[in-house]
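Now for the letters of each chain:
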Amino acid sequence: MGGRAGAQSGSAAGTIRLGGEIPGWEGREPAAVSGETNPTLVLEPGRVYRITWENVDGTPHNVALLDADGNTIERTPFVTERGATQTLAFVASAAMAEYVCEAHPGSMRGDIRIAGEEPAAANDGGAADATDEDDRFMPSGPTVRTETVADGPLSAPLGLEVAPDDRDRRYVVDQVGTIYVHGSDGLANEPFLDITDRLVDFSSARTDSIEERGLLGLAFHPDFGANRRYYVRYSAPRVRGTPEGYTHIERLSEFTASENGRRGQPDSERVLLDVPSPHYTHNAGSVAFGPDGYLYMGMGDGGGSKLDPGHAEDWYANNGGNGQDVTENLLGSVLRIDVDATGGPGDAPYGIPDDNPLVGESGRDEHYAWGFRNPWRMSFSDGTLFVADVGESNYEEVNVVEKGKNYGWSVREGSHCYSTGSPADPPTACPERTPPDVRGGEPLVDPIVEYPHVYEGDGVGLAVIGGHVYDGDAIPALQGTYVFGDYSENGEPRGSLFAATPPATGDDGGAWSLEELRVKGGPEGSLDAYLLGIGQDAAGECYALTTDVLGVDPSTTTGQVRKLVPETPTTGSTLEGSSTTGSAARGSPATKSTAGGAETANGSGTKNGSDAASNAGGPGFGALAALGGIGSVAAAAIARALAGDRDSD
């Protein structure tokens, strides 16, 4: 990501060709930029250049040239049709500093260097200077370390779940189609469940582009100890009857584990719900049981351009908002069903809770709440449902979700107005509720926290990753905060961790304050990988689930599960369930209001700095510590024996 190229003065007629998609500009011509993402354009002053680019993913993009202060020098209209091309002709000048897509300035952002000028000094990748703290959107919060507890066969881990009444094991969901059990002796050698043969075919997927399909969610039945039932959400190939132009099916299935709960029994699958999906993005995928015993499921709005198939018309001018439609499909919503009943719509193999908000009203009975774009990860804490919703162009948000409420997309992005036609120039005023003839004029609910993609010219984040309310003992400074993060700060493999603190008692509905956790040893205090998920174990401790790969590539094994631990290790402590070889640890609070009046965006490392052990195939950090005084050959033999015994039951 963010490649650099030499001068392009040799290109014919000064033509620069790029591909435009959310992960970044893709260099195509001249040869010096071919294959680079967000290449630096080295231009000769006074020469005429033409940037010709293609819309690769069908989401709104344009190209704008900025000066060093982020002011726009030239810009083009937005293009939303996949495959459409656009050309911007301009005369290179010393004032030009960057080129961006104004809809996605956090990731689609490259430097311009005028030949003969000295390039700006590179960032040294160290921790943020204390004098720059006032320039950051989020104040710095507590410093934590991460210790890798599982890697090995993992490619793109995005979920870590625990079964009811089982404090000893964690189930790691890998997007490529497998679930592994992680216990006190590390990651099991064989997967608990392998359904790679039932997923969409990734062989033709681009590994340099975001891929949001795959195995996306896991939830255990509240009575799993007795009935051994669990529920999986995954992206299946098209089936007979899939609408034309749709790319795949989002499937919810029930499985039954073996009697001792150690094997997932793939042949036990019972399909509960198939939802046709028009695009490879915005699939969401979280499933979770609420305290009411019902299953909740997040559904994205279908992704792609609003001109693509699969987008229903709605009541607002941003035509094509599945988030605002509750009659045509189940997209853009959080659904709630009863997996212990049958007789749902069309004699479905599930039931509908009697108090679902649209029962007896106009709309699909499965809907619980709506107005979402891509609810990526959700969790319950003391009965409260937290849903992180990935933004489009300018803002990311986290919502506390309640029955029958409308969370605004695509009328709003966070608490701000949004325009599908001109994302960089949204209207200054937009509706605060639906019209009276749309479900009685329901209000559009603001998020509890939000943050911009770019603040004062610096990247803040690209895609929010939902998390959990911290309930562990290891890091007291996080007690009671909602710990979550962001996929990438600026399109590079550099995720972030955040903590949101609820308002003071008596300030119901007020904005939550937001801090950025500092990861010890990480580049500028961030993670040195893409963040896909935040997991939580039975003790309330949190884990960052990461990968080094932008797309989904089953042949890669860069995925890691990293436990969040205190900045300073406790003397003599060991990490339960850690791995044994290699190294992978990564590395006072002020507050800033981050919702409903948040500050607006202005304009648009080092690897493996570590001190913790890592190897999913080994017996565990604690076991290795006990072997510390044994010769290496003997220690290796004992480790192999422990690993061989791991799956004996």
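Whatever comes next refers back to the structure up there.
Not measured: the values here are computed from a predicted model.

Participant: Explain the state of the cysteines to me, please; I cannot follow it from the model alone.
Facilitator: Each disulfide consists of one covalent bond between the sulfur atoms belonging to two cysteines. Counted by the stated rule, this structure contains one disulfide. Through a disulfide, Cys417 is tied to Cys430; the S-S separation comes to 2.2 Å. Between Cys417 and Cys430, the disulfide has an S-S torsion of -90° and is therefore left-handed. One end of the pair, Cys417, is in strand 28 (residues 416-417); the other, Cys430, is in the loop between strand 28 and strand 29 (449-452), and 13 residues separate them in sequence. Exposure class is identical for Cys417 and Cys430. Each is buried.

Participant: Could you clarify how one ought to interpret unusual backbone geometry in this entry?
Facilitator: Working note: non-glycine residues mostly have negative phi, and peptide bonds are mostly trans. Backbone torsion omega between Glu29 and Pro30 reads 0°, so that peptide bond is classified as cis. Along the chain, the position of Pro30 falls in the loop between strand 2 (24-29) and strand 3 (41-43). Across the junction of Trp409 and Ser410, the peptide omega takes the value 5°, indicating a cis bond. Looking at the secondary structure, you find Ser410 in the loop between strand 26 (395-401) and strand 27 (412-413). Look at Asp347: it is not a glycine, yet its phi comes out positive at around 60°. Residue position: Asp347 is located in the loop between strand 22 (333-337) and strand 23 (367-370). For Asp347, a relative accessible area of 65% corresponds to the exposed category.

Participant: Any chance you could explain the packing of aromatic side chains here in plain terms?
Facilitator: Between two aromatic rings, the relevant description is the distance of the centres plus the angle of the planes. This model, assessed by the stated rule, comprises 22 aromatic pairs. Taking 5.2 Å as the distance between ring centres and 70° as the angle between the ring planes, the aromatic pair formed by Tyr451 and Phe498 counts as edge-to-face. You can see Tyr451 sitting in strand 29 and its partner Phe498 sitting in strand 34 (residues 496-501), a full 47 residues away along the chain. Phe498 matches Tyr451 in its accessibility class, with the two residues each being buried. One aromatic cluster is present, formed by Tyr171, Phe192, Phe220, Phe224, Tyr230 and Phe255 through successive ring pairs.

So, how was this worked out
- Residues numbered from 1 in each chain as written.
- Predicted model: local features only at pLDDT ≥ 70, side-chain atom pairs only at ≥ 80, totals over all residues.
- Heavy atoms only, no water.
- Disulfide = S-S within 2.5 Å.
- Helix = DSSP H or I, 4+ residues; strand = E, 2+ residues; numbered from the N terminus.
- Buried < 20%, exposed > 50% of the residue type's maximum accessible area, 1.4 Å probe, protein only.
- Phe/Tyr/Trp six-rings, centres within 6.5 Å; stacked < 30°, edge-to-face > 60°.

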